[in-house]
Amino acid sequence: MLIKNINCWDVRERSYFMTDLRVSGGKIEKIGRRQPVYQDTEMYDLNGKYAYPAFIDSHMHVIALGESLTNQILNSVNSEEKLRHIILDSDEEVVVLTGWNEETLGFTPDREYLDSVVDTKPVILIRRCYHSAVVNSAAIREYQLDKYDGVDGSEVTKGYVRESVLSYLESKSPEKDIKKLNKYLNKAAASLKSWGITTVHSDDYRSVSFEDFNRFGIDNREIRIAEKINPGNFDGFTDFMSNKKDFFRKHTDFWNVNAIKLFMDGSLGAKTALLSEHYEGEKDNFGVCTLDQTELKNMIRISEKNGISVMVHCIGDQALENCIKAFEGNIENGNPCRHRLIHVQMASEKQLKRIKKLNLYLSIQPVFYDSDINTAKKNLGQERLEKIGYPFGKMNDMGIEISFSTDSPIESINPFENLASAMRFMPLEDAFHHYTFSGARAEGSESCKGRIAEGYLADLFVTSEDIFGMSSSEIKNVKPQRVLFNGLWFL
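Residues numbered from 1 in each chain as written. Predicted model: local features only at pLDDT ≥ 70, side-chain atom pairs only at ≥ 80, totals over all residues. Heavy atoms only, no water.

Undergrad: Pulling in residues and values, what's your account of the overall build of the protein?
TA: Assigned secondary structure in the protein consists of 19 helices and 21 strands. In terms of overall size, the protein behaves like a compact globule, its C-alpha atoms giving a radius of gyration of 23 Å where 491 residues would be expected to give roughly 23 Å. Seen through its principal axes, the protein has C-alpha atoms that stretch 75 × 50 × 50 Å. Evaluated residue by residue, the protein yields a buried proportion of 59% over its 491 residues. Counting contacts in the protein only where the partners sit at least 6 residues apart, residues at least 24 apart contribute 73% of the total. Just so you have it, the protein exposes about 20400 Å², and 44% of that area is on carbon and sulfur atoms. Once the 61 positive and 72 negative side-chain charges of the protein are each reduced to a mean point, those two points are 4 Å apart. (Helix = DSSP H or I, 4+ residues; strand = E, 2+ residues; numbered from the N terminus. Rg over C-alpha atoms; globule rule 2.2 N^0.38 Å. Buried < 20%, exposed > 50% of the residue type's maximum accessible area, 1.4 Å probe, protein only. Contact = heavy atoms within 4.5 Å. Areas by Shrake-Rupley, 256 points an atom, 1.4 Å probe, with all protein chains shown as cover. Lys, Arg positive; Asp, Glu negative; His and termini not counted. Charge placed at Lys NZ, Arg CZ, Asp CG, Glu CD.)

Next comes the structure, spelled out in structure tokens:
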């Protein structure tokens, strides 16, 4: 394929260059004008349109995204009446619905409310953050949840379950078979590529047999996936490292696994993010610590020895402190394994300096600011929010290794909305770099992804207008006109 007259964005020089691209074997073979045309060459003249390296979403859940695009979710449900109808319309033996948010919904459902809707079968409504849920009495009886009252802040008498109790509930759900996995993958991949996203760093090893998960990854050709394994706890980690360590070495151009995913805390919305000072108006609530610091240190040491990256979910400032202390003294200088912290929505300047010294990579979601700001103000208070909340601009100014993501399906996969949010904290050119080349660096693939350059994978998207001349209100409405994935036009 020869693509002529295309205005390509150089993420290093941060400027455009007009050129022709020769694409072969899924890669960019040659860049330059006046290239020879052979008999079997497909020709495309883009007449000066703009081309950009494809986006890399550095933290999301591709199977959960496909599931949310296939099944009923509660993201936009905005009344008690609508929620009631959705629950009653379900013919499942166990009703599991995800995505509700008390601010959109207009109220917080509880056990009493769910019992008034359905009392004959279990109902489980998982909040949009996936760190808390509300259940009815039938679910409490079915899964014997009474004994978990008080665990991780769960209030079973009111129907609220959080963190490890919700994980226990999720472990009781039926496993997804390979047919269902592929169905969700195809749905998610088509949507991702339509937005110019061709690589995702995902976290999918839940309610899936290891054999099906392995087949799913090795057979995938729909989207490029850098997968993380969530072992659940230290025992699960040691089992994986003892019996399935070779799994981390398997990879194709569409699939690689070289990371462990762990959780240090929960979410701000569920009030389970681990804070150094209590939640506003709740003097006894500092959130939930979901991982022992000593166990984290041991997992880091073992992973470091085996060249495996450790990625830790941390949102609260105390969760961040626990993570930094666990990494300090336990990783090589320069962080060659590219260990990473995910979210980091609260951080002091001193903590950011220690992150910089360790060269820890961060995966952040600028769009969280827009979706969480009201909840954050309520739970943290204005003074604390202004002091340490959402320090994305400081991270960028300090040169910390950050990459962008959406945590989809928690947020929309739309990268242009995320870029618009990021413009509150940094120049668009920096934000775009974090959404492309930085994502490649985070997974160690910067030699083949994240740029339009010779020898790089032929993944890019095309627009008719220069996105770098747009305001934040304009850029959030952009949609790619064409998308090239693995050297073939998707759009």
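Undergrad: Give me the nonpolar core: which residues, what numbers.
TA: Counting residues in hydrophobic clusters, the biggest one holds 103 residues, and the most contacted among them are Leu296, Leu341 and Phe432. The next biggest cluster of nonpolar side chains, apart from the first, holds 17 residues, and it includes Leu83, Tyr113, Val118 and Val123. (Core = buried A, V, L, I, M, F, W, Y, C linked by side-chain atoms within 4.5 Å.)

Undergrad: I'd like to hear about the sheet that holds strand S9 (residues 132-135), residue by residue, with values.
TA: In spatial order, the strands read S7-S8-S9-S10; together these four strands make up an open sheet with mixed pairing. Two strands in the sheet have a free side with no partner beyond their single neighbour: strand S7 (95-100) and strand S10 (160-162). Neighbour to neighbour, the strand axes of the sheet diverge by 25° on average, direction disregarded. Pairing analysis gives three bridges linking strand S8 (residues 123-127) to S9, with the strands arranged antiparallel. Along S9, the bridge assignment pairs leucine 125 with valine 134. Relative to S10, helix H6 (residues 164-171) is tilted by about 95°, and along the sheet it contacts S8, S9 and S10. (Pairing = 2+ DSSP bridges. Axes fitted to C-alpha atoms, helices over the stretch in contact; angles between N-to-C directions.)

Undergrad: A description of the environment of aspartate 149 should follow, citing residues and the corresponding values.
TA: Examined against the element boundaries, aspartate 149 turns out to sit in the loop between helix H5 (137-142) and S10. The class of aspartate 149 is partly exposed, set by a relative accessible area of 41%. Linking aspartate 149 and valine 161, residues 12 residues apart in sequence, is a C-alpha distance of 8.2 Å. Not counting residues within four places of it along the chain, the set of residues in contact with aspartate 149 comprises Ser154, Glu155, Val156 and Thr157. A polar contact is formed between the side chain of aspartate 149 and the backbone nitrogen of valine 156, at a distance of 2.8 Å. (Polar contact = N/O pair within 3.5 Å; in protein donor to acceptor, adjacent residues only side chain to side chain.)

Undergrad: How would you summarise the packing of helix H10 (residues 293-305) against helix H11 (residues 317-327) if you had to cite specific residues and measurements?
TA: The interhelical angle for the contact between H10 and H11, taken along N-to-C directions, is 40°, at an axis separation of 9 Å. Our classification of the angle between H10 and H11 gives oblique. With respect to the hand of their crossing, H10 and H11 are arranged in right-handed fashion. Contacts between H10 and H11 involve Gln293, Leu296, Lys297 and Ile300 on the former and, on the latter, Glu321, Asn322, Cys323, Lys325, Ala326 and Phe327. Classifying every residue of the contact of H10 with H11 by side-chain character gives five nonpolar, two polar and three charged. (Parallel < 35°, antiparallel > 145°, perpendicular 65-115°, else oblique. Left-handed = near helix turned anticlockwise from the far one by under 90°. Nonpolar A, V, L, I, M, F, W, Y, C, P; charged D, E, K, R; others polar.)

Undergrad: Tell me about the packing of aromatic side chains, residues and numbers included.
TA: According to the stated counting rule, one finds 38 aromatic pairs in the structure shown. Taking 5.8 Å as the distance between ring centres and 75° as the angle between the ring planes, the aromatic pair formed by phenylalanine 210 and phenylalanine 240 counts as edge-to-face. Of this pair, phenylalanine 210 sits in helix H8 (residues 210-219) while phenylalanine 240 sits in helix H9 (residues 234-243), placing them 30 residues apart in sequence. Using a relative accessible area of 4% as the deciding quantity, one classes phenylalanine 240 as buried. With centroids separated by 5.6 Å and ring planes inclined at 80°, the aromatic side chains of phenylalanine 432 and phenylalanine 468 adopt a geometry described as edge-to-face. Taken together, the residues phenylalanine 432 in helix H17 (residues 428-434) and phenylalanine 468 in the loop between strand S19 (460-463) and helix H19 (472-475) connect sequence positions 36 residues apart. Pairwise contacts between aromatic rings join Trp9, Tyr16, Tyr50, Tyr52, Phe55, Trp195, Phe404, Phe416, Phe432, Tyr435, Phe461 and Phe468 into one cluster. The ring of phenylalanine 240 is capped by lysine 244, whose NZ or CZ atom sits 5.5 Å from the centre of that ring. (Phe/Tyr/Trp six-rings, centres within 6.5 Å; stacked < 30°, edge-to-face > 60°. Lys NZ or Arg CZ within 6 Å of the ring centre and 35° of its normal.)

Undergrad: How would you summarise helix H1 (residues 62-70) if you had to cite specific residues and measurements?
TA: For H1, every residue scored as buried is listed here: Val62, Ile63, Leu65, Gly66 and Ser68. Elements that come into contact with the buried residues of H1 comprise strand S6 (55-60), helix H7 (178-194), strand S11 (197-203), H8 and strand S12 (224-229).

Undergrad: So what's going on with the packing of H1 against H7? Residues and values would help.
TA: Interhelical geometry of H1 versus H7 gives an angle of 90° and a closest axis separation of 7 Å. The orientation of H1 relative to H7 falls into the category roughly perpendicular. Residue-level inspection shows Val62, Ile63, Leu65, Gly66, Glu67, Leu69 and Thr70 of H1 in contact with H7, the latter providing Leu181, Lys183, Tyr184, Leu185, Lys187, Ala188, Ser191 and Leu192. Looking at side-chain class alone, the contact of H1 with H7 contains nine nonpolar, three polar and three charged residues.

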